[in-house]
Amino acid sequence: MNRFRNPILPGCRPDPSVCRVGEDYYLVTSTFEWFPGLPVFHSRDLVHWRCIGHAFDRPDQLPLDGVPASGGLYAPALRHHDGRFHLFCTLVDGAEWSGHFVLTADDPAGPWSDAHRLEGEGIDPSPFFDDDGRAWCTGTRLTGRYDGHTEIWLREYDPSAPALVGEEHVIWDGTVKNAIWTEGSHIYKVDGRYHLLTAEGGTALDHAVMSARADAVTGPYESNPRNPILTRRHLGLDTRTGEYPIVGTGHGDLVDTPDGEWWMALLAMRPHHRDRCALGRETFLTRVRWEDGWPAADPVEPVREAPSTPPAPWPAQPACDHFDAPSLAPEWSMLRPPRERWWSLTDRPGHLRLRVRPETLADTANPSFVAQGQRHHDFAAFTALEFAPRDEEQAGLALVQNGDFHVLLVSTARGLRLVKREQGLETVLAEAPAAERVRLGFEAHGRWYRALYAADPGPFAPLGPPLDGDMLTSQVAGGFTGVFLGLYATANGRTSRNHADFDWFEYRPLPGPA
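Let me begin by describing the structure that accompanies this report. Quantities reported herein were computed from a predicted structural model and do not represent experimental measurements.

**Regarding the pattern of salt bridges**
Then, in step 1: Under the counting rule described, the total for this entry stands at 45 salt bridges.
Then, in step 2: Across the pair R226 and D292 runs a salt bridge, and its minimum N-O distance is 3.2 Å. Of the two residues, R226 is situated in the loop between β18 (222-223) and β19 (230-231) and D292 in the loop between β22 (282-291) and β23 (294-297); the sequence distance between them amounts to 66 residues.
Then, in step 3: On the basis of relative accessible area, R226 is assigned to the partly exposed category, the value being 45%.
Then, in step 4: For D292, a relative accessible area of 61% corresponds to the exposed category.
Then, in step 5: In this structure, E431 engages R417 in a salt bridge whose closest nitrogen and oxygen atoms are separated by 2.8 Å. Of the two residues, E431 is situated in strand β34 (residues 425-432) and R417 in strand β33 (residues 415-422); the sequence distance between them amounts to 14 residues.
Then, in step 6: For E431, a relative accessible area of 48% puts it in the partly exposed group.
Then, in step 7: A network of salt bridges, in which partner residues are shared, links E121, R141, R145, E151, E168 and D173.

**Observations concerning the pairing of β33**
Then, in step 1: Among the eight residues of β33, six are classified as buried, and the element is accordingly described as predominantly covered.
Then, in step 2: Pairing between strand β32 (residues 405-412) and β33: seven bridges, direction antiparallel. Pairing of L409 across the sheet is with L418, part of β33.
Then, in step 3: Connecting β32 to the next strand, β33, in antiparallel fashion are two residues.
Then, in step 4: Relative to β34, β33 runs antiparallel, the two sharing seven bridges. Bridging across to β34, L416 finds its partner in A432.
Then, in step 5: Counting the residues between successive antiparallel strands, the hairpin from β33 to β34 contains two residues, one of them, Q423, with a positive phi of roughly 55 degrees.

**Focus: the sheet that holds strand β12 (residues 135-142)**
Then, in step 1: Spatially, four strands are ordered β11-β12-β13-β14 in an open sheet, and the strand pairing comes out antiparallel. If you trace the sheet from one side to the other, it starts and ends with β11 (123-129) and β14 (163-172), each paired once. When strand polarity is set aside, the average angle formed by the axes of neighbouring strands in this sheet is 25 degrees.
Then, in step 2: Pairing geometry for β11 and β12, over five bridges, is antiparallel. For I123, the partnering residue across the bridge sits in β12 and is T140.

**Brief notes about the nonpolar core**
Then, in step 1: Formed by 46 residues in total, the largest nonpolar core has its most connected members in L352, Y449, L487 and F505.
Then, in step 2: Apart from residues lying up to four places away in sequence, L352 is in contact with F323, L328, W343, S344, L345, V370, L487, A500, D501 and F502.
Then, in step 3: Formed by 23 residues, the second largest nonpolar core is a distinct cluster that contains C19, V28, F101 and A115.

**Concerning the sheet that holds β23**
Then, in step 1: Taken together, the four strands give an open sheet; going across it, the order is β20-β21-β22-β23, and neighbouring strands pair in antiparallel fashion. On the outer flanks of this sheet lie β20 (247-256) and β23, each paired with one strand and no other. Along the sheet, successive strands turn relative to each other by an average axial angle of 35 degrees, direction set aside.
Then, in step 2: Here β20 runs beside strand β21 (residues 262-269); their pairing, made up of six bridges, is antiparallel. Paired with D256 across the bridge in β21 is W262.

**What to know about the pairing of β32**
Then, in step 1: Here β32 lies mainly inside the structure; eight of its eight residues are buried.
Then, in step 2: Of the two faces of β32, both are covered, the one formed by F405, V407, L409 and S411 as well as the one formed by H406, L408, V410 and T412.
Then, in step 3: Relative to β32, strand β31 (residues 394-402) runs antiparallel, the two sharing eight bridges. Looking across to β32, one finds that L397 is bridged to L409.
Then, in step 4: Counting the residues between successive antiparallel strands, the hairpin from β31 to β32 contains two residues.

**Notes on unusual backbone geometry**
Then, in step 1: Backbone torsion omega between F35 and P36 reads -10 degrees, so that peptide bond is classified as cis.
Then, in step 2: Within the fold, P36 resides in the loop between β4 (34-35) and β5 (37-43).
Then, in step 3: The phi angle at N178 is positive, at roughly 60 degrees, despite the residue not being glycine.
Then, in step 4: Summarising the element assignment, N178 is placed in the loop between β14 and β15 (183-190).
Then, in step 5: Residue N178 is classed as exposed on the basis of its relative accessible area of 57%.
Then, in step 6: One non-glycine residue with positive phi stands out, namely H251, at about 50 degrees.
Then, in step 7: Secondary-structure assignment places H251 in strand β20.

What counts and how
- For every chain, the first residue of the written sequence is number 1, and numbering continues from 1 along that sequence.
- With the structure being a predicted model, the display of local features is reserved for residues of pLDDT at least 70 and the display and counting of side-chain atom pairs for 80 or more, all residues being used for whole-chain, interface and lining totals.
- Values shown for side chains rest on all heavy atoms present in the structure; no hydrogens or waters enter the calculation.
- By salt bridge we mean one thing: a side-chain nitrogen of Lys or Arg within 4 Å of a carboxyl oxygen of Asp or Glu.
- Runs of H or I in DSSP of at least four residues are treated as helices and runs of E of at least two as strands, each being numbered from the N terminus.
- Summary of the burial criterion: residues with accessible area below 20% of their type's maximum are buried, those above 50% are exposed, and those between are partly exposed, where the area comes from a 1.4 Å probe applied to protein chains only.
- Two strands pair under a simple rule: DSSP has to find at least two bridges between them.
- Note on method: axes are straight lines fitted to C-alpha atoms, helices fitted across the in-contact stretch only, with angles between N-to-C directions ranging 0 to 180 degrees.
- Only buried residues count toward a nonpolar core, which is a set of Ala, Val, Leu, Ile, Met, Phe, Trp, Tyr and Cys residues joined through side-chain atoms within 4.5 Å.
- When checking whether two residues touch, look at their non-hydrogen atoms; a contact exists if any pair is within 4.5 Å.

See the structure below:
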């Protein structure tokens, strides 16, 4: 029996939306303030995925500049119709404008169009292409009736404009009494009926997937008598690691296979202790069956039977990036779009060079920082740095949740420093002598992170005590993302002509506790 392991996309990959084109599957997730945004993943079997590009990869496509932490790009919805891909999304807390938009492309790898703004309130727009030639869009907005109460609206969509047109219909406002955050809606047509899938209960431990159906796309919709069709809320708030390894299941999207199977891509979380989730919300997969004309989802488990499609794994990617490619690998992200070229892979071949600039991780800006999402509870990440700091300059490794909660392991003019920024206050936890070339690392085991350093060559040694990583989780620091770690350089508000060179970066999982 062929089996697969959840999550199918580990690390901060929330709000998945999936569609099939022939025998190929494409999936997009939220990216909030990170650039490039809206990664497009490709699979041939729903289990093995690779990033083929980003729908938002040009700074001028969208005004993402200046968005706060966990603002930006929310809950994309991807569909393919008549030879073209349509990607709906919402820009939240934009400095220039906020609201819904659509990007289109003939090739999911890009290029994608500039953002076409769409009318409509709230968040989570999602297109539906009916078999009669008409297209529709659903979305979510707050009603003000009570705290967290939302409703799902529906309007016709004209893809040739593109624009929302015609009369608005309110089709849903929650499955249970006093429901909160009915959102993430998608419509499907199965056996002549229209099925509405929504998330409900908020994105924490009470998250859930609900369904309803109607004979007409505009309703009225009746609730699935077995709602919620997927949740972990019945387990309560006791999320001891090992007993409940997966929590917060919700925000699902359905897709069928050529063989007639149905599957749901969804988000969920893997806590490392209590409800703390350093990895953020990840993308999981579970089977869906149809019973009495209603969808019924299998429980989300760490290991499950795979789709009947033959396995189609992609070549394994190396654990170490030697920075010898012409451009950064798709795993790397930046905070907000760059308006100047502050990184280079060619100034010193085989190295990533970062310019030392005034911007810091504490600013709502685009600092000299390239990062990857943490993907395992137990991992080690290392780099080799060459840097001659002056004045207030610093460069090295960073663990980041947001501007007020992050950890720095940096080379400064006063030596190596381990710095914790918690609730906006910085504390130097440990110091050590520095060399112009030094190796730096972080090792994590669950909630505990250890900073490491070494002369080059030379053995690694710990710097400072183990760090409690709870401060890096959204459950403590707020927001919607997981931990990002990467390479950083700053002059802390001053101008500089200096640079930092990183020879390589390695990230690898470690064995977990027995």
